[in-house]
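Descriptive structure summary
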Amino acid sequence: MPETRAEELLRQSAVMRAIGSPFVAAVLAAAYRQLAAAPLTGAMLADWPGDPAAAAVAMRLNAALHALARRNTPPALGALYRGTHDDFDGAVCAALAAHDAFIARWLADTPQTNEVGRAAAILAALMEVVGRAALPVELLELGSSAGLNLNLALYRYDLGGVTVGPDGSAVRIAPEWRGAPPPDRAVAVVAAEGVDLHPLDPHDPATCERLMAYVFADQPARAARLAAALSLARAYPPRIARADATVWLAQRLAAAQPAGRWRVIFQSMMAQYVGTAERAALERSIAAAGARADGARPLARIAFEWNAPRSAVELRLTCWPGGDTRVLATCHPYGAWIDWSG
């Protein structure tokens, strides 16, 4: 296996340690050392088309192992995740050897984190949006997955001491806040819909289990929050179109926008899974809609994405008319902290 591909597991292991997930870091390091036990998975990684970092192949492998551990198969892996021993190499090797085909199949599918912790950054950006014009907002999300972030108005937040959202919400999001708090402005979400090629159904137990497997095993509070968000999505199903994002967005932006309402396009960790041609088509649609925007029908775009060198996750806001772009914050990839510049 080409060393550059195998070392993506080590690179991501170092990232996991740096962002506070030492257990996941140890799992990925063990997977790197024991990869020879899984020839199908090893070959798949060796022949990976494109950038394995952008495709998050290490996170796919980590989630596959977590899914197996949640099923207690093999038992040594389940015991490792329960904390009854610390033989990472032995347990991971046993899993790779016994479940090579399962892990390889898992790697073929795009990651589905649908991290609701990122909703805090999106809401803070929306506070900036309504500061431009105090109007209600309609949300259009690209890459909605299960649509959990379309329900962001149903969650309770503590954003650097600014508390917003329903008091009784079971989903509570309180990232570590760095810098000045965001502007304390009410955000009225009057409509929310999204698009995904393969939207996930929160009523499907297998889908929920897949999402839970993508939560890092050493972050139980995050897992509990995801479970609460899935429960809320079953009660308040998000509107998600099963479609190509370029076609869907062009159609939605061409539809009449009511006067006195913001139209806000947002995305979180979606760009890395989009090809160059699709990305260009999305940009053309957004630029054309921005050129049509006016004071009565303004447009905004919020992106929670890695910067070009993948050295930081940035929260970017662009507003029309005008089309000015600002980096509002740098963020933890899963929203655990927000370093706000506003």
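See the structure shown above.
Just so it is clear, the structure is predicted and the values come from calculations on it, not from any experiment.

A word on the sheet that holds strand β7 (residues 239–242). On the basis of which strands lie adjacent, the open sheet formed by 9 strands has the order β5-β12-β11-β10-β9-β8-β1-β6-β7 and mixed pairing. The open sheet has two edge strands with one neighbour each: β5 (176–178) and β7. Ignoring strand direction, the axes of neighbouring strands in this sheet form an average angle of 20°. Note that strand β1 (residues 137–142) and strand β8 (residues 262–268) share 5 bridges and pair parallel. When the bridges of β8 are listed, E141 appears paired with F266. Each of β1, β6 (189–196), β7, β8 and β9 (299–306) touches helix α11 (residues 245–254); the most contacted strand, β1, lies at about 165° to it.

What follows deals with the packing of α11 against helix α12 (residues 276–292). Each pair of packed helices can be described by the angle between their axes along with the distance between the axes. Relative to each other, α11 and α12 sit at 5°, their axes nearing to 9 Å. For the element pair α11 / α12, the angle class is roughly parallel. On the side of α11, the interface is formed by A245, T246, L249, A250, L253 and A254, while α12 contributes E278, A281, L282, S285, I286, A289 and R292. Residue composition of the contact of α11 with α12, grouped by class: 9 nonpolar, 2 polar and 2 charged.

Summed over all chains, the structure comprises 6 aromatic pairs. Residues W177 and W340 carry aromatic rings whose centres are separated by 5.6 Å and whose planes lie at 35° to one another, so their mutual orientation is tilted. You can see W177 sitting in strand β5 and its partner W340 sitting in strand β12 (residues 337–340), a full 163 residues away along the chain. Take W177 and W340: they sit in the same class, and that class is buried. For R178, the ring lying beneath its charged end belongs to W337, and the centroid distance is 4.2 Å. Its end group placed over the ring of W106, R210 keeps NZ or CZ at 4.3 Å from the ring centre.

A few words on the nonpolar core. In terms of nonpolar packing, the biggest core is built from 55 residues, with L148, Y155, Y157, L159, V264, I302 and L315 touching the most fellow members. Apart from the residues within four sequence positions on either side, I302 is in contact with I122, A125, L126, V129, V264, I265, F266, Q267, L315, R316 and L317.

About the criteria used
Residues numbered from 1 in each chain as written. Predicted model: local features only at pLDDT ≥ 70, side-chain atom pairs only at ≥ 80, totals over all residues. Heavy atoms only, no water. Pairing = 2+ DSSP bridges. Helix = DSSP H or I, 4+ residues; strand = E, 2+ residues; numbered from the N terminus. Axes fitted to C-alpha atoms, helices over the stretch in contact; angles between N-to-C directions. Contact = heavy atoms within 4.5 Å. Parallel < 35°, antiparallel > 145°, perpendicular 65-115°, else oblique. Nonpolar A, V, L, I, M, F, W, Y, C, P; charged D, E, K, R; others polar. Phe/Tyr/Trp six-rings, centres within 6.5 Å; stacked < 30°, edge-to-face > 60°. Buried < 20%, exposed > 50% of the residue type's maximum accessible area, 1.4 Å probe, protein only. Lys NZ or Arg CZ within 6 Å of the ring centre and 35° of its normal. Core = buried A, V, L, I, M, F, W, Y, C linked by side-chain atoms within 4.5 Å.

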